[in-house]
Amino acid sequence: MTSPFTPYVADAERYEKLPYDRIGRSGLRLPRISLGFWNNFGTDRSLETQRDIVLRAFDRGVTHFDLANNYGPPYGSAEEQFGRILSANLAPYRDEILISSKAGYDMWPGPYGDGGSRKYLLSSLDQSLTRMGLDYVDIFYSHRPDPETPIEETMGALATAVRQGKALYVGISNYDPAQTEAAITALAAEGVPLLIHQPRYNMFDRRPEQGLFDTLTANGVGSIVFSPLAGGLLTGRYLNGKAPSGSRAAEGRWFTEDVLDETYLSRVGALNDIAAARGQSLAQLALLWVLRQEAVTSALIGASSVAQLDDSLDALHGADLSDAELAAIEPLAVDGTGSGR
């Protein structure tokens, strides 16, 4: 454990521990696995544990930390916690770190605390910078499309953030192929390229394969995929059909135990067998599977412990999936498994 009162010195060999890949046609590279703050970095959890996870990640070569305005709980607390860790431990390494944030979902009451308006996005970015103690973020995202706001307004706000020096690059998340094309066009009119898209993608949610990845590749846009482990469904936690105490299924946060049906258990059990034959965990197999996609620059993981973080990062020690393994996985990686879709 790293004490907040002990000066932190990063591992001198950190950049030899993880591969990096260029984002689309940009000059920026991301680690093949990045650390997200979606579920495990609110004030409901120990700051010391969060600090240990973040510093371990950086020591292992993870340079990209992904946040959003409403990550917590409560809203804003993930950015506040990260700001504390940055100030106490990582401030000397700011130029070696990529920090991203987003706005688009519900954040504060009233008509200006949600959606894609210029008012909301730029106000939210200012708040995020204050919470993290930053002058700028490296990437600022529109977290979701807003059908009630013209795409030109939403993308214009992102471009303004770049011109103000409050963001170096811009991205979008949860946009479908047509919405992505519209965002690219609107940003081009502002003279700002779309750097990156953040879609949900895993063995049980394959919707980006239905045109989105082709759109990104054709336009030179990179992607970083979230939920590569399907919220835990592609880990060993539920192999026996039961939800362990403290798990997401037990808490009912994102899904309930009834998704652990016979179909799910059959598919995940067979996938686990493939992973075991490779000497890997199911989570490691799932990460390598999403990273096989040429359009995927990085996989975004969460972690509630250093051990969980290490297991995910160790996926990159495994060999690429062979054609035979991919063929065996294909009938098991069925879109909608475990989701009720």
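All of the points below concern the structure found in this document. For clarity, every value in this text was computed on a predicted model and none was experimentally measured. Positions within a chain are numbered from 1, following the residues in the order the chain's sequence is written. In keeping with the predicted nature of the model, local features appear solely for residues at pLDDT of at least 70, side-chain atom pairs appear and are counted solely at 80 or more, and the whole-chain, interface and lining totals rest on all residues. By convention in this description, side-chain values take in all heavy atoms of the structure and omit both hydrogens and water.

**Details of the overall build of the protein**
Argument step 1. By the criteria applied, helices consist of DSSP H or I runs no shorter than four residues and strands consist of E runs no shorter than two, each listed in order from the N terminus. Check the secondary structure of the protein and you find 11 helices and 10 strands.
Argument step 2. In terms of overall size, the protein behaves like a compact globule, its C-alpha atoms giving a radius of gyration of 19 Å where 341 residues would be expected to give roughly 20 Å.
Argument step 3. Projected onto its principal axes, the C-alpha coordinates of the protein cover approximately 50 × 50 × 40 Å.
Argument step 4. Counting only residues that meet the buried cut, the protein has 55% of its 341 residues in that class.
Argument step 5. Taking the contacts inside the protein whose residues are at least 6 apart along the sequence as the reference set, 75% of them involve residues at least 24 apart.
Argument step 6. Here the protein displays about 14,100 Å² of accessible surface, and carbon together with sulfur accounts for 50% of that area. Both definitions apply: the radius of gyration is a C-alpha atom measure, and the globule rule equals 2.2 Å times residues to the power 0.38. Burial here depends on accessible area, computed with a 1.4 Å probe over protein chains only, as a share of the maximum for the residue type. Under 20% is buried, over 50% is exposed, and the range in between is partly exposed. Residue contacts are defined here by distance: any two heavy atoms, one from each residue, within 4.5 Å place the two residues in contact. Residue-level accessible areas treat just the shown protein chains as cover; the underlying method is Shrake-Rupley with a 1.4 Å probe.

**Here's the deal with the pattern of salt bridges**
Argument step 1. Basic side-chain nitrogens of Lys or Arg form a salt bridge, by our definition, when they fall within 4 Å of a carboxyl oxygen of Asp or Glu. Taken as a whole and assessed by the stated rule, the structure comprises 18 salt bridges.
Argument step 2. The residue aspartate 310 makes a salt bridge to arginine 56 at a minimum N-O spacing of 3.0 Å. Of this pair, aspartate 310 sits in helix α10 (residues 306-313) while arginine 56 sits in helix α1 (residues 47-59), and the two are 254 residues apart along the sequence.
Argument step 3. In this structure aspartate 310 comes out as buried when scored by relative accessible area, which is 14%.
Argument step 4. By relative accessible area, arginine 56 is classed as partly exposed at 35%.

**Side note on the packing of aromatic side chains**
Argument step 1. Stacked, tilted and edge-to-face are the three classes assigned to paired rings of Phe, Tyr and Trp, where Trp is represented by its six-membered ring and a pair needs centres within 6.5 Å; plane angles under 30 degrees give stacked, over 60 edge-to-face, the rest tilted. One pass over the structure, following the stated rule, counts 12 aromatic pairs.
Argument step 2. Relative to phenylalanine 65, the ring of phenylalanine 37 has its centre 6.2 Å away and its plane inclined at 85 degrees; by these criteria the two rings are edge-to-face. Here phenylalanine 65 lies in strand β4 (residues 64-66) and phenylalanine 37 lies in the loop between β3 (33-36) and α1, a separation of 28 residues in the sequence. Take phenylalanine 37 and phenylalanine 65: they sit in the same class, and that class is buried.

**Here we look at the packing of α1 against helix α2 (residues 77-90)**
Argument step 1. Axis angles are defined between N-to-C directions and span 0 to 180 degrees, where every axis is a line fitted to C-alpha atoms and, for a helix, only to the segment in contact. Relative orientation of the contacting elements α1 and α2 amounts to 60 degrees, with a least axis distance of 10 Å. With respect to their mutual orientation, α1 and α2 come out oblique. As for the relative orientation of α1 and α2, their crossing is right-handed in sense. On α2, the residues touching Leu47, Gln50, Arg51, Val54, Leu55 and Phe58 of α1 are Gln81, Phe82, Arg84, Ile85, Asn89 and Leu90.
Argument step 2. Basically, the charged four are Asp, Glu, Lys and Arg, the nonpolar ten are Ala, Val, Leu, Ile, Met, Phe, Trp, Tyr, Cys and Pro, and anything else, Gly included, counts as polar. Taken together, the residues of the contact of α1 with α2 sort by class into seven nonpolar, three polar and two charged. Put simply, angles under 35 degrees are roughly parallel, angles over 145 are roughly antiparallel, angles from 65 to 115 are roughly perpendicular, and the rest are oblique. Take the far helix as your reference; a near helix turned counterclockwise from it by less than a right angle gives a left-handed crossing, and one turned clockwise gives a right-handed crossing.

Just distances and angles here, no functional claims.
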